[in-house]
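Fold and contact review
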Amino acid sequence: MAILIIAEHDNSTLKSATLNTVTAACQMGDELHLLVAGEGCAAVAEAAASVAGVSKVLLADNAAYGRQLAENLSLLIAELGKDYSHVVAPATTTGKNVMPRVAALLDVGQISDIIAVEAADTFQRPIYAGNAIATVQSLDSIKVITVRGTAFDAAASTGSSASVDSVSPAHDAGTSAFVSEEMAKSDRPELTAASVVVSGGRGLGNGENFALLESLADKLGGAVGASRAAVDAGFVPNDMQVGQTGKIVAPDIYFAVGISGAIQHLAGMKDSKVIVAINKDEEAPIFQVADYSLVADLFEAVPELESKL
Amino acid sequence: MKVLVAVKRVIDYNVKVRVKPDNSDVDLANVKMALNPFCEIAVEEAVRLKESGAASEVVVVSIGPKACQEQIRTALALGADRGIQIETEELPESLNVAKLLAKVVEEEQPGLVILGKQSIDADNNQTGQMLGALLNRPQGTFASEVKIDGDSVNVTREVDGGLQTLNLKLPAIVTTDLRLNEPRYAKLPDIMKAKRKPLDVKTPADLGVELKNHTRLLKVSAPAERQAGIRVASVDELIDKLKNEAKVL
Ligand SMILES: Cc1cc2nc3c(=O)[nH]c(=O)nc-3n(C[C@H](O)[C@H](O)[C@H](O)COP(=O)(O)OP(=O)(O)OC[C@H]3O[C@@H](n4cnc5c(N)ncnc54)[C@H](O)[C@@H]3O)c2cc1C
Ligand SMILES: Cc1cc2nc3c(=O)[nH]c(=O)nc-3n(C[C@H](O)[C@H](O)[C@H](O)COP(=O)(O)OP(=O)(O)OC[C@H]3O[C@@H](n4cnc5c(N)ncnc54)[C@H](O)[C@@H]3O)c2cc1C
């Protein structure tokens, strides 16, 4: 049986998290179908059709799916999913929101946030903030899975020319409605896909000081992240939080600036290739995982670093 | 309106868990346990709804062995009115938890059910959504603001790109994110009072739910440890190392 992958998109572009999910799905089986559900999202379906490894794109273009409301989308995915061996989505906030509903509608469990595929029914996933890795086998006939993007390489976005089939069912549960959104606007790369991430913590002291990190990030073509403490204090918005309960990143270089290194923060960045920590406290736990530790006042070290690069 | 809050007993968030040498599970012997932080936020939100007059009663439910009564008492000390324990030998899988909660919802008929967005042990982030599907109710997951508005609720959600606000028809399900509120500390008199609040014990059989296994845990292993690297004495040395040793610049 084929595998149904749920595409992550904003009705105009296919998000890169989808490509990592395709790679994970490839390890579960051969025939991959990609569902693009949204409103006015034909361009996304076209992009999806060229993703390497995908043999068919299902396009559900309907107002009920425009905002990815979980109530509506889960009805659609569960209906289509009945005929698949696996239903797989990226572990983004959209995937996390919708997929457990799909699992419950299909009366199966969900395996969340997998980091490795051992067999078509056996997966690894981090538990306890990544302090342990569980190997779990699914006993269900349909496996509902969310995938941690940083654990799988991105599939090539070209190479295939899959058919695009429109699917008709329009499910509108009629119980939820979109009101408004406040989306962060940034020209920097997406945090979870950036090759350089510069993150700041409580040590930054206030939101204005994040400008120091922004100019460093811009020089390196990177993204800016933050600890929970920095978000809670209102220095920066929630979408910048890296950690167990925020975003998971694994860039080539991660700069932890004025961040102590709590286990919940490490859970979100310890798979980075190279970790640089700048902290004035030489006992800070972040130094235990950093490749390069600089004990210094960030207000001196960061501008110096930026100017010398 | 009645509010139902699901609370889970988990390892204290300050404890770094260890894997058992035989790789069968993590070692929780003599480890400090606590109310899951997201559940604490859920209780706080329910109590605030009651304090503001939007809710009339706050009922907490926990599923697990007898020890989880401790977390129910904690929730009662924070201001919940009564507790329900559903006695099971182990902590059941999320879909089973959701099925048990769905039965409690049928009995109690709450206008709002509040859960944590994830438990910090299994890190699943699924129970609330599953409950929503089983009950065919709308959900506001990862909530950073909850505003009751007549027969609906506006929930602001923390999503990857920022914040999103949805309007949900009541009855509805909410799961909490970190910025929803800052839970209060229980005062000693409240802790004493909580001991006398009603706490019912039920079994899955009482609720007519048969627990089913959907997964099998094959192994629990320790993650690859990162080795601490080196101290650099200056920014110049850092740049040199990044360029010439790590070759990432
Ligand atoms: C349920 C739960 C979930 C959580 N989820 C997350 C999560 O997803 N992500 C996350 O990050 N946290 C999370 N946390 C919070 C976590 O436990 C820590 O509280 C948090 O990571 C601390 O942030 P911080 O390192 O910025 O602040 P602090 O621990 O206060 O550290 C600030 C650091 O800055 C340094 N500093 C100060 N001034 C300077 C200066 N001038 N120059 C250089 N260094 C300086 C200090 O030495 C210190 O080490 C969670 C907690 C709970 C309970
Ligand atoms: C290493 C390990 C091994 C395990 N092995 C098994 C096993 O062999 N068999 C088995 O059945 N289970 C096992 N479990 C337990 C099981 O995986 C989880 O407890 C279960 O998946 C519940 O989901 P969650 O807490 O992760 O849900 P999440 O969806 O992350 O929790 C979200 C919210 O749901 C609510 N909630 C969750 N659980 C409860 C509860 N018990 N009572 C009240 N509210 C709750 C809370 O509001 C919580 O904040 C194991 C867990 C771990 C970590």
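Computed from a prediction, not measured in an experiment: that's the story for all the values here.

Calculation rules
Residues numbered from 1 in each chain as written. Chains lettered and ligands numbered in written order. Predicted model: local features only at pLDDT ≥ 70, side-chain atom pairs only at ≥ 80, totals over all residues. Heavy atoms only, no water. Patch = residues over 30% accessible without salt bridge, like charges linked within 9 Å, V, L, I, M, F, W, Y side chains within 5 Å. Areas by Shrake-Rupley, 256 points an atom, 1.4 Å probe, with all protein chains shown as cover. Salt bridge = Lys/Arg side-chain N within 4 Å of Asp/Glu carboxyl O. Lys, Arg positive; Asp, Glu negative; His and termini not counted. Charge placed at Lys NZ, Arg CZ, Asp CG, Glu CD. Helix = DSSP H or I, 4+ residues; strand = E, 2+ residues; numbered from the N terminus. Contact = heavy atoms within 4.5 Å. Buried area = accessible area lost by both parts, 1.4 Å probe. Polar contact = N/O pair within 3.5 Å; in protein donor to acceptor, adjacent residues only side chain to side chain. Nonpolar A, V, L, I, M, F, W, Y, C, P; charged D, E, K, R; others polar. Pairing = 2+ DSSP bridges. Buried < 20%, exposed > 50% of the residue type's maximum accessible area, 1.4 Å probe, protein only. Phe/Tyr/Trp six-rings, centres within 6.5 Å; stacked < 30°, edge-to-face > 60°. Lys NZ or Arg CZ within 6 Å of the ring centre and 35° of its normal. Core = buried A, V, L, I, M, F, W, Y, C linked by side-chain atoms within 4.5 Å. Near = heavy atom within 4 Å. Axes fitted to C-alpha atoms, helices over the stretch in contact; angles between N-to-C directions. Domains from an automatic or database assignment.

**What about a negative patch on the surface?**
A contiguous patch of negative charge, built from Asp22, Asp25, Asp27, Glu89 and Glu90 of chain B, is present on the exposed surface. Within the secondary structure, Asp27 of chain B sits in strand S4 (residues 26-27).

**Focus on the interface of chain B and chain A**
At the junction of the two partners, chain B supplies 76 residues and chain A supplies 83 residues. When residues of chain B are sorted by the area they lose upon contact with chain A, Asp160, Arg226 and Arg231 of chain B head the list and together hold 11% of the total. On inspection of chain B and its partner chain A, the count reaches 4 salt bridges. Here chain B and chain A share 50 residue pairs in polar contact (both at pLDDT 80 or more) between them. Residues belonging to the side of chain B that touches chain A are distributed by class as follows: 36 nonpolar, 22 polar and 18 charged. The pairing of strand S16 (residues 292-295) of chain A with strand S15 (residues 230-232) of chain B spans 3 bridges and is classified as parallel. Following the sheet pairing, Ser293 of chain A is matched in S15 of chain B by Arg231 of chain B.

**A few points about the pattern of salt bridges**
What the rule picks out here adds up to 29 salt bridges over all chains. As a salt-bridge pair, Lys147 of chain B and Glu145 of chain B come within 3.6 Å of each other at their nearest N and O atoms. The exposure class of Glu145 of chain B is partly exposed, given its relative accessible area of 36%. In this structure, Glu245 of chain B and Lys241 of chain B form a salt bridge, with 3.4 Å as the shortest nitrogen-oxygen distance. In this pair, Glu245 of chain B and Lys241 of chain B both sit in helix H6 (residues 235-245), 4 residues apart, roughly one turn of the helix. On the basis of relative accessible area, Lys241 of chain B is assigned to the buried category, the value being 19%. Three or more residues are tied together by salt bridges with common partners; here these are Arg228 and Asp232 of chain A together with Glu158 and Arg179 of chain B.

**Observations concerning a nonpolar patch on the surface**
Side chains of Leu188, Ile191 and Met192 of chain B sit close together on the surface and give an oily, nonpolar patch of about 280 Å² of accessible area. By the secondary structure assignment, Leu188 of chain B is in helix H5 (residues 188-194).

**Focus: the packing of aromatic side chains**
Counted according to the given criterion, the structure contains 0 aromatic pairs over all chains. The side chain of Arg67 of chain A reaches across the aromatic face of Phe178 of chain A, ending 3.6 Å from its centre. If you follow Arg231 of chain B out to its NZ or CZ, it ends over the ring of Phe287 of chain A, 4.7 Å from the centre.

**Here's the deal with the nonpolar core**
One finds Leu4, Leu35 and Ile77 of chain A together with Leu131 of chain B to be the most contacted residues of the largest nonpolar core, which totals 52 residues. Looking at which element gives the most residues to this core, the answer is helix H3 (residues 94-108) of chain B, with 8 residues. Not counting chain neighbours up to four residues away, the residues in contact with Leu35 of chain A comprise Leu4, Ile5, Ile6, Ala7, Leu58, Ala60, Leu76, Ile77 and Leu80 of chain A. With 40 residues, the next largest nonpolar core counts Val54, Ile111 and Phe152 of chain A together with Val220 of chain B among its residues.

**Quick word on the site of ligand 2**
Every one of the 27 residues lining ligand 2 counts as a neighbour, but Ala6, Lys8, Ser119, Gln126 and Thr127 of chain B are closest to it. Residues near ligand 2 are shared among chains A and B, making this a multi-chain site. At a separation of 2.9 Å, a nitrogen atom of ligand 2 approaches a polar backbone atom of Leu91 of chain B. Thr127 of chain B is positioned such that a nitrogen or oxygen atom in its backbone is 2.8 Å from an oxygen atom of ligand 2. Contact with the protein chains removes 88% of the 950 Å² of surface that ligand 2 exposes when unbound. Where the shell around ligand 2 is concerned, the elements lending two or more residues are strand S6 (57-64), H3 and strand S8 (112-116) of chain B.

**Describing the site of ligand 1**
Taken together, 29 residues are adjacent to ligand 1, and Arg202, Ser227, Gln241, Thr245 and Ser260 of chain A come closest. Residues close to ligand 1 are split across chains A and B. Contact distances for ligand 1 include 2.8 Å between an oxygen atom and a side-chain N or O atom of His265 of chain A. When isolated, ligand 1 has an accessible area of 990 Å², and the protein chains bury 86% of it. Mapped by element, the contributors of at least two residues to the shell around ligand 1 are helix H6 (228-232), helix H7 (263-266) and helix H8 (298-308) of chain A together with helix H1 (37-51) of chain B.

**Some thoughts on the pairing of strand S5 (residues 110-114) of chain A**
Residue and element names in this part refer to chain A. A large share of S5 lies buried, amounting to 5 of its 5 residues. Sheet topology note: the S5/strand S9 (residues 143-147) ladder contains 3 bridges and is parallel. Bridging from a neighbouring strand, Gln110 pairs with Val144 of S9.

**Concerning the sheet that holds strand S14 (residues 215-221) of chain B**
Taken in spatial order, the 4 strands make up an open sheet running S6(A)-S7(A)-S8(A)-S14(B), and their pairing is antiparallel. Every interior strand has two partners, whereas the edge strands, strand S6 (116-119) of chain A together with S14 of chain B, have only one. Averaged over neighbouring strand pairs, the angle between their axes works out to 30° when direction is ignored. Taken together, the 3 bridges between S6 of chain A and strand S7 (residues 122-127) of chain A define a ladder with antiparallel strand orientation. The partner of Ala116 of chain A across the bridge, within S7 of chain A, is Gln124 of chain A.

**As for the domain arrangement of chain A**
By convention, interface size is frequently given as the accessible area that disappears when the constituent parts associate. Residue and element names in this part refer to chain A. Domain annotation for chain A reports domain 1 (3-166) and domain 2 (191-308). Of note, the centres of domain 1 and domain 2, computed from C-alpha atoms alone, are 30 Å apart. Across the boundary between the two partners, domain 1 contributes 6 residues, which contact 9 residues of domain 2. For the pair domain 1 and domain 2, the two sides together bury roughly 620 Å², of which 51% comes from carbon and sulfur. In terms of surface lost to domain 2, no three residues of domain 1 exceed Ala129, Arg148 and Thr150, which account for 71% of the buried area on that side. Linking domain 1 to domain 2 there are 0 salt bridges. Where domain 1 meets domain 2, there are 1 residue pair in polar contact (both at pLDDT 80 or more). When grouped by side-chain class, the residues that make up the side of domain 1 that touches domain 2 number 1 nonpolar, 4 polar and 1 charged.

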